[in-house]
Amino acid sequence: MKKMVSFCMAAVLAAAVSTSSFAATKAVNPGSMEFHQDSFTEGEVGVELEYEAVAEPTYTITIPMGLELVKGGATSTFKAEDISNLDGGKVVMTIVSTRKSGMPAACPDFALYRGHNYVPYEVQGFYEDGSSRMVRELNKEVLSFDKDGEYKYRVIPASVIPETGTYWGNLTFQFDIV
Amino acid sequence: MRESSNHKLIKTALLAFCMLVLLGGGIFVGIQYQNWAVQPAAAPMEQELDGAAKDWAGTVPPDQSGESQPGIKIPGYASISIPANEQDVKISLLNPEENPCYFTFELVLDDTGETLYASKLVEPGKAIQEQTLSRSLDAGEYGATIKISTFSLKDQAQMNGANVKTKLVVV
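Basis of the calculations
Residues numbered from 1 in each chain as written. Chains lettered and ligands numbered in written order. Predicted model: local features only at pLDDT ≥ 70, side-chain atom pairs only at ≥ 80, totals over all residues. Heavy atoms only, no water. Helix = DSSP H or I, 4+ residues; strand = E, 2+ residues; numbered from the N terminus. Buried < 20%, exposed > 50% of the residue type's maximum accessible area, 1.4 Å probe, protein only. Contact = heavy atoms within 4.5 Å. Areas by Shrake-Rupley, 256 points an atom, 1.4 Å probe, with all protein chains shown as cover. Pairing = 2+ DSSP bridges. Salt bridge = Lys/Arg side-chain N within 4 Å of Asp/Glu carboxyl O. Phe/Tyr/Trp six-rings, centres within 6.5 Å; stacked < 30°, edge-to-face > 60°.

Secondary structure assignment for chain A yields 1 helix and 13 strands. Reading chain A from its N end, one meets helices and strands in the order α-β-β-β-β-β-β-β-β-β-β-β-β-β. Taking all 178 residues of chain A together, the buried fraction comes to 39%. Long-range pairs, those at least 24 residues apart, make up 64% of the contacts in chain A between residues at least 6 apart in sequence. As presented, chain A carries roughly 9700 Å² of accessible surface, and 55% of it is formed by carbon and sulfur atoms.

Have a look at this one:
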């Protein structure tokens, strides 16, 4: 009887652990489970679990798809989700490249390109406290945040746009927790 | 006499026609020149899909606003733990399902600029969960960057991208 109870308890334990492993957090994938019993007369009942840890994303930031340049400037939005456990830090956003593959080397940073025309621009990041920051150089903080929300920046042409049409250029943003 | 006059007329008409064609061609070239010159010299290259990418069945941080916002969702990694002295690692390099673009991922060590891993194109809704690094790392903490390049689903034209700084914890 004692053996039977022991066996049943082990089975229940195994089932419970199995269930919880499938409902586990996203940081762990269910692995294999082994059930051991030395004999049906005496011995120990044990359960071995094996997990394969997979590093998964912890937050998401939605960035604009492209770069819009209109007279007077165009405002775009970042959306930050699941920002947490920053250990007192914050997410700092910088721009590390404004180039697109195939753009001529002569095209300067922070400029869009079309034919023989370049339109320089600058970026203004808006902070939650109402302040803002103008950026014309790579690797400078545009904005920072430490919680979920929508954050805005504005791309402002620094000169008159010489002609209408498609101008080429991309932004590569960098997100760093500091 | 009359025949000669007709010939002259025909010649004049032909000349006028040729001049008109040349003039029209010149105007057309002039108008199109700017458009021909505007595009970047290198057309987007046709890239391969990454065969290691599988359907993503895991969870992603939820959209709490309830409204869909046009844009590219970039997954962030505060830190990544991988085993020491092993080249085979498990990191979920995910392209969220809603995205209008392919992703490529590159894992780069900050100190040296060394590329430890580079993927091919990953479709939206898929993730690469197992990678073989170019070399194993000793135990310790390393500053690293996941460079995410984005390419339009339509024509693979490059779109805005992102670098995600992370801490590589090698244990």
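On we go from here.
The next subject is the sheet that holds strand 5 (residues 93–95) of chain B. Residue and element names in this part refer to chain B. Judged by pairing direction, the sheet is antiparallel, and its 3 strands sit side by side in the order 1-8-5 without closing on themselves. Of all strands in the sheet, those with a lone pairing partner are strand 1 (54–55) and strand 5, marking the two edges. Note: strand 5 against strand 8 (residues 126–128), 3 bridges, orientation antiparallel. Among the inter-strand pairings, Leu-94 is bridged to a residue of strand 8, identified as Ala-127.

Turning next to the pairing of strand 10 (residues 132–135) of chain A. Residue and element names in this part refer to chain A. Of the pairings in the sheet, the one linking strand 9 (residues 117–126) to strand 10 comprises 4 bridges and is antiparallel in character. In the sheet register, Phe-126 faces strand 10, and the bridge partner there is Ser-132. Between strand 9 and the antiparallel strand that follows it, strand 10, lie 5 residues; Gly-130 among them carries a positive phi value of about 95°.

Pairing is possible between side chains that carry opposite charge, provided their charged atoms lie close to one another. In this structure the tally under the stated criterion is 9 salt bridges over all chains. When the shortest N-O distance is used, the salt bridge between Lys-73 of chain B and Glu-81 of chain A registers 3.1 Å. Remark: Glu-81 of chain A occurs in strand 6 (residues 74–81) and Lys-73 of chain B occurs in strand 2 (residues 72–76); the pair is interchain, linking two chains. Residue Lys-73 of chain B is classed as buried on the basis of its relative accessible area of 12%. Judged by relative accessible area, which is 1%, Glu-81 of chain A ranks as buried. The closest approach of N and O atoms between Glu-122 of chain A and Arg-136 of chain A, which form a salt bridge, is 2.4 Å. Of this pair, Glu-122 of chain A sits in strand 9 while Arg-136 of chain A is found in the loop between strand 10 and strand 11 (141–145), placing the two residues 14 residues apart along the sequence.

Moving on: the environment of Asn-99 of chain B. Residues and elements named next belong to chain B. By the secondary structure assignment, Asn-99 is in the loop between strand 5 and strand 6 (101–109). Asn-99 gets classed as buried once you look at its relative accessible area, which sits at 3%. A C-alpha to C-alpha distance of 28 Å links Asn-99 and Gly-113, two positions 14 residues apart in sequence.

In this section: the packing of aromatic side chains. Residue and element names in this part refer to chain A. For the coordinates displayed, the defined rule picks out 8 aromatic pairs over all chains. For the pair Phe-78 and Tyr-153, a centre-to-centre distance of 5.3 Å together with 45° between the ring planes defines the contact as tilted. You can see Phe-78 sitting in strand 6 and its partner Tyr-153 sitting in strand 12 (residues 149–157), a full 75 residues away along the chain. Residue Phe-78 is classed as buried on the basis of its relative accessible area, which comes to 0%. Each ring, one from Phe-78 and one from Phe-175, has its centre 6.0 Å from the other, and the planes form 80°; the classification is edge-to-face. Here Phe-78, found in strand 6, pairs with Phe-175, found in strand 13 (residues 172–177); they are 97 residues apart in sequence, far enough to count as distant. For the residue pair Phe-78 and Phe-175, the accessibility class agrees, reading buried in each case. Aromatic ring contacts, followed pair by pair, group Phe-78, Tyr-153, Phe-173 and Phe-175 into a single cluster.

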